[in-house]
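Notes for the structure review
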Amino acid sequence: MKENKGELNMSVSAVCQNDKGQKYAFVAFSDGVRSAEGRIPECKIINNSGFAVIEVQELEKYMQDNLGALKKMASGIDIFSAFFKM
């Protein structure tokens, strides 16, 4: 996918589950130059390349404010359909 510089793109992973049964998903942000990856439901940025501290805080606030919608997006992703399309 071609990204336009200056336009912030976001993608959400499918729901994952750790060995303790806790569910989580990843939210990726990129503007073609900088990128960051957060984890929900913690709403914390775990990898950052190029975003300023204040921008990271804004991304974390975005995840908090939109947590319900992000969870719904993640739960709607069927990773197996990508492998079994005919």
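Note that the coordinates shown come from a computational prediction; the quantities given were computed from them, not determined experimentally.

How each quantity is defined
Residues numbered from 1 in each chain as written. Predicted model: local features only at pLDDT ≥ 70, side-chain atom pairs only at ≥ 80, totals over all residues. Heavy atoms only, no water. Helix = DSSP H or I, 4+ residues; strand = E, 2+ residues; numbered from the N terminus. Buried < 20%, exposed > 50% of the residue type's maximum accessible area, 1.4 Å probe, protein only. Expected span 1.5 Å × (residues − 1). Arc of directions from axis to C-beta. Contact = heavy atoms within 4.5 Å. Phe/Tyr/Trp six-rings, centres within 6.5 Å; stacked < 30°, edge-to-face > 60°. Lys NZ or Arg CZ within 6 Å of the ring centre and 35° of its normal. Salt bridge = Lys/Arg side-chain N within 4 Å of Asp/Glu carboxyl O.

A few words now on the environment of Q57. With respect to the secondary-structure elements, Q57 resides in helix 1 (residues 53-65). A relative accessible area of 44% means that Q57 is categorised as partly exposed. Sequence separation of Q57 and K44 is 13 residues, and the distance between their C-alpha atoms is 8.7 Å.

What follows is about helix 1. Owing to its 3.6 residues per turn, the α-helix brings residues three or four apart onto one side. For helix 1, with 13 residues, the first-to-last C-alpha span of 18 Å sits near the 18 Å given by 1.5 Å per residue. Of the positions making up helix 1, those classed as buried are V56, L59, E60 and M63. Considered in projection along helix 1, the buried side chains sweep an arc of 95° and stay on one side of the axis. Turned more than 90 degrees from where helix 1 packs its buried face, I54, E58 and D65 sit exposed. Those residues of helix 1 that are buried lie in contact with strand 3 (23-30), strand 4 (35-40), strand 5 (44-49) and helix 2 (67-75).

This brings us to the packing of aromatic side chains. Tallying each qualifying case throughout the model produces two aromatic pairs. Measuring from centroid to centroid gives 5.5 Å for Y24 and F26, while their planes differ by 85°, and the two rings are edge-to-face. Owing to a relative accessible area of 23%, F26 belongs among the partly exposed residues under this scheme. Measuring from centroid to centroid gives 6.2 Å for F29 and Y62, while their planes differ by 85°, and the two rings are edge-to-face. Taken together, the residues span a long stretch of sequence, with F29 in strand 3 and Y62 in helix 1 at a distance of 33 residues. By relative accessible area, which is 4% here, F29 ends up buried. Directly above the aromatic system of Y24 lies the positively charged group of R39, at a separation of 3.8 Å from the ring centroid.

Any two side chains of opposite charge can pair, given that their charged atoms come close. On inspection of all chains with the given rule, the structure shows four salt bridges. Between R34 and E55 there is a salt bridge, with its nearest N and O atoms 2.8 Å apart. Separated by 21 residues along the polypeptide, R34 in the loop between strand 3 and strand 4 and E55 in helix 1 bring together distant segments of the chain. Taking relative accessible area as the criterion, R34 reaches 22% and is therefore assigned partly exposed. Taking relative accessible area as the criterion, E55 reaches 24% and is therefore assigned partly exposed. The partner of K61 in a salt bridge is D65, and the shortest N-O contact between them spans 2.8 Å. Taken together, the positions of K61 and D65, both in helix 1 and four residues apart, correspond to about one turn of that helix. Using a relative accessible area of 52% as the deciding quantity, one classes D65 as exposed.

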